[in-house]
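# Fold and geometry: a report
For reference, the chains in residue letters:
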Amino acid sequence: MKKSYGIATILVTAVMVLGILGIAGAPNTTQAQTSGPIIIKVGTPTALSGPAGPWGQIGVAPIQAWVELFNKEGFKVGNKTYNFQVINVDDKNTPEGGAAAAKKLIYEDKVKFIISHWTWNFPSVSAVANQAKVIYLCRTGNEAVPGGVYDPKKQPYTVFANPSHEQFISDIFAIAEAFPNYKRIGINDSTLGKGIGWDYVDRELDKAKIRYHHEWYAPGTQDFTPYITRYNEAGCDIIYGAGDVMAAMLITKQRWEMGFKTWRTGTAGTLLDPMMYIGVSGLEASQGFIAQYFANWDFKKTKVNPKYIKECQEAMAMISKQQGKPYLYTGWIGWGPHHLQILAQAMQRAGTVDNPDAIMKAIRGGTFDTAIGKFTFSGAKTYGSPIVFGTPGCLSQIKGDKEVYLSEHPLTSLP
Amino acid sequence: MPPAGIWIDGLIQSCIYMTMAFGMVLVFSILGILNWAHGQFYMFGAIIVYYTVTAGGIPFPISILISGLLMAVLGISVKKLVIDRVKGDLYVGVVTISLIFFFEGAASILFGMQDRGLSMLLPGVMNLGSFSISYQKVAVLIFTLVVMVAMYIVLNRTKVGRAIRATAQQPDAASLYGVSVERLSLTVMGIGCGLAAMAGSIMAPVYSINPFMGRIPMIMALLAIVIGGIGSLTGAIVGGIILGFLNSVIAYYLSYFSEVVLFLLVIFILLVRPQGLFGASLK
Amino acid sequence: MMPFMDYKNVVPKIVIGLLVFLIFLVPVITTNVATLSMLILSGIWAIAVMGFTLVLRTGQFSLGQAAFMAIGGYTSAILTVKLSLPFWPSFFLAGMVSGIVASLVGMVVLRVGNIYFSIITLALSEIVRIIGQQWEPVTRGTRGLITSPPPPIVLGGFEINFAASQVPYFYFTVCLVAITGLVFWKIGDSRMGRSFAGIALNPVLAEHQGIHLMKYRVIAFTVAGVFTGFAGSLYAHFLTVITPFMFGLWESIQIMIMSIVGGISSLAGGPIIGAILLYTLGDYLTRLETYGIQPFLFGGAVMLVLIFLPKGTGLVDLWGRFWTKVVWREKEFEFDEVEE
């Protein structure tokens, strides 16, 4: 027993030392800049732990690879050349974690911008970024749609570089165009996503006379038999989910087992790897599974600068080589590169890298040419400020064991 | 009246809740502690089967037995190395909760956090008129029946089983009769964890496999135990059945509200009849 | 050594005094916003942990303390945002509402035994979350509410501006933690507090001696609820957002872990140490790059601490042992190990 006091003391000291190291903060590695491009640090609070972890983790490597390629040329403002450095910090997918990640990035790592953030923690990250006058590029979500918490006066440095809700609406239009004889589209989401965002979506779908039916499930649900039964009773034949991927895969599997083999299923998210879906749902059941698709080389209705297409493909090839198997996820193209390209072009137009107000002025209402197409920031009427970018609205489907193009309904501007 | 498919679905859910609850109650009645990490043994069971089937090519039934054995060994190790070193029910509870994080972290590092599936195992469905049931789910039914029969035989017809029942009722008297409570605790821990692992294995093809898949089955097992009565093996079975059917039927009518209803039901039971259906009255 | 002063008693207390003084100087020593933010949040959770420990003193194991943070947070958020009440009355009311809910719930629920109480409080955390999600007109559902920082306080010519920096929050948190700690310590030391301990050890005997079991349990539960409500309100106004998912079952579990690891023998010191150490450990772990290593190391650290600490003690008890064994080199009085 006496031995344990000694061990306990050592353990406690270790814990305290670790804690103090945490308090002191990670050592700041500032490079001595002698010559060469000036580095602009950009931060990304990402969900790297917890159940949402895989979706944050998978985008980290290709964006770093793309930044490497981008930095070969860099971008010029005035007569100086600049490079980007992207820093990822785990935000645990909670508001507390998001605020902590944002504070670390801004005050310890000294980033100038925050990009490609999911809006699950929008309020807390946005509060931190706007207070520090750090321009914050993110995606819309429940909090950010009209009637949500975005307030152009309180959050002048927020930019919606991906319009998630509007993209979902585009997806539904693309589905209706791909399957003109559909009976009814079943939409599902976990109760985590319930909110006024859906009222906004419903209004737009009603305007376009789309037939749909909503279902909500508790997060973590694995048994969708009751929900599929309800979809059947509502007359749905396409089920497109806005919730988690596990739900989409299980609905795909279970509807097949329940005999509804003619139904199509899908999820509003990019495919991590077709084999994952095939593994969980079954090869036959997952044929025709619909997902969002950011493979800019396959876009038919949106034109993308061939140079950007090449950069993205090269980045993916680099990661494929690194991990020893083909890297197939295209989602990262939808935010990382195009957020950075917007920033680079905005800084060039503003003629400065240090003045957030001037850079925001260049972004608001400006037209930018990025890896997902050329769009003009809009949304002055809907959001109170023209800070919403467009989206190619492209969908894919699983054919065999591959992901192929299905349909496209670009969103070019918002009122 | 919900369609037949809902009732069958409820039956399958019952099987899993029942098996998990049974394992937890077995451990509780001999060791006096609730193993909060019970769900993580379920998760490891699924992961082991994934590797033995895909990488090892070992047939499914044998894989299930292997995972049961391996996790029984892990459970016994956990008991000896961790639980026995921590004194006090309170502290043992906290230690098993920290095991949840420890095991999930280990699984995340080794297996990765992405979902994987075993849909190619026992593919196909059995058509029974107005509804169909996948062979994977039929396997769950058969598994549960086998396990319950096996448990009945072990508990009622073998020496070990008699020792378990004796110790559950009167540990001191049992040790007077020569039962090594210490050894028996290890055996029971092994059986309980092995059961959880095998439940995870048989369910692996039905849903998907990821490091966090054990959380909800553990909570459901807890609810089943509350309904059936803490400390009662029959209660675990009956509680599992009731919970399984309730969950499916309520979800059919009220979709996500089933969550709320189940929690309220549990609170109501705990206030009005805390010992559940079959439990002994605790102070 | 001075023979006429009980230096063994005084010196540790002087050291503690120095540490407390240092705490007040932290914002001067480091202006790192991320660090201050982390300390502020650990302080807030420390208050919730103190509440848990107080309830544990009466023999009840509450897995629902996070629910009271939610109630406090939502109360002050709703009052400031929807009813436009100023911050300080809302803050006060947050604690009061939380306390009232605690006493009402406590009166109904505290009469059931140990494990049942724990499961009910566990369900309570989830129910509060579900109410937050569903009661759209009031809580705005999953979107949550956006709160504002407390308004600036003007003292003479000097303005304390919460919106401009974290430092005012830091001192506010330190004050709240100190007040809570003092109140709880006093309660623990009082006659009522010492009967709590009696209730925990032997409820039947305590009842026979005339201590009204339920009354004391409800009082403890209510007081814990009040202060946890204050903590929740501060939390909501610090992060300027409150959503239903911030306080659920797993947050209640974190509170419990912090309490047990910190040490339940002390009502103020134990929770504070447990909260600060575990919170900073968790924060430090987010810097590690291997995916999945955070919960692995966190769970492992808690297990190791529990295995190697002697029975019934937490980290705070090591303070006393450090002085007796390491500094004064005394032989500790040890209880004989009783064979189980």
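Up top is the structure.
Described below are features of the structure shown in this document. (Residues numbered from 1 in each chain as written. Chains lettered and ligands numbered in written order. Predicted model: local features only at pLDDT ≥ 70, side-chain atom pairs only at ≥ 80, totals over all residues. Heavy atoms only, no water.)

### Regarding the overall build of chain C
Within chain C, the secondary structure is distributed over 14 helices and four strands. Within the span of chain C, comprising 340 residues, buried residues form 59% of the whole. Excluding contacts between residues fewer than 6 apart, the proportion of contacts in chain C whose partners are at least 24 apart in sequence is 76%. (Helix = DSSP H or I, 4+ residues; strand = E, 2+ residues; numbered from the N terminus. Buried < 20%, exposed > 50% of the residue type's maximum accessible area, 1.4 Å probe, protein only. Contact = heavy atoms within 4.5 Å.)

### Quick word on the environment of lysine 159 of chain B
All names here are of chain B. Residue placement: lysine 159 occurs in helix H6 (residues 159-169). By relative accessible area, lysine 159 is classed as exposed at 69%. The sequence separation of lysine 159 and leucine 262 amounts to 103 residues, and the corresponding C-alpha distance is 39 Å.

### Points about the sheet that holds strand S7 (residues 185-190) of chain A
Residue and element names in this part refer to chain A. Read from one edge to the other, the open sheet built from seven strands follows the order S8-S7-S9-S10-S11-S14-S15, with strand pairing classed as mixed. The sheet is open, and its two borders are formed by strand S8 (212-217) and strand S15 (402-408), each paired with just one other strand. Taking the axes of each pair of neighbouring strands and ignoring which way they run, one obtains an average angle of 25 degrees across the sheet. As paired strands, S7 and S8 are joined by six bridges and run parallel to one another. Counterpart to aspartate 189 in the pairing with S8 is tryptophan 216. (Pairing = 2+ DSSP bridges. Axes fitted to C-alpha atoms, helices over the stretch in contact; angles between N-to-C directions.)

### Here we look at the interface of chain B and chain C
In this assembly, 41 residues from chain B lie in contact with 39 residues from chain C. At the boundary of chain B with chain C, total buried surface from both sides reaches about 3,800 Å², with 83% on carbon and sulfur atoms. Considering only the side of chain B, the residues that lose the most area to chain C are Tyr91, Phe101 and Leu271 of chain B, jointly responsible for 17% of the buried surface there. On inspection of chain B and its partner chain C, the count reaches zero salt bridges. For the pair chain B and chain C, the interface holds zero residue pairs in polar contact (both at pLDDT 80 or more). Top element by residues in the side of chain B that touches chain C is helix H4 (residues 89-111) of chain B. It accounts for 14 residues. (Buried area = accessible area lost by both parts, 1.4 Å probe. Salt bridge = Lys/Arg side-chain N within 4 Å of Asp/Glu carboxyl O. Polar contact = N/O pair within 3.5 Å; in protein donor to acceptor, adjacent residues only side chain to side chain.)

### Here's the deal with helix H2 (residues 38-54) of chain B
Helix length check: H2 of chain B (17 residues) gives 25 Å between terminal C-alpha atoms against 24 Å at 1.5 Å per residue, within 8%. Taking burial as the measure, the 17 residues of H2 of chain B include 15 buried ones, the bulk of the element. (Expected span 1.5 Å × (residues − 1).)

### Some thoughts on the sheet that holds strand S4 (residues 113-117) of chain A
Residues and elements named next belong to chain A. Strand order across the open sheet formed by six strands is S2-S3-S1-S4-S5-S6, with mixed pairing between neighbours. What marks the edges here is a single partner per strand, and that holds for strand S2 (75-77) and strand S6 (158-162). Geometrically, the sheet is characterised by an average inter-axis angle of 35 degrees between neighbouring strands, direction not taken into account. Of the strands in this sheet, strand S1 (38-46), S2, strand S3 (80-90), S4, strand S5 (135-139) and S6 touch helix H11 (residues 336-350), which is tilted by about 150 degrees from S4.

That's the geometry; what it means functionally is another story.
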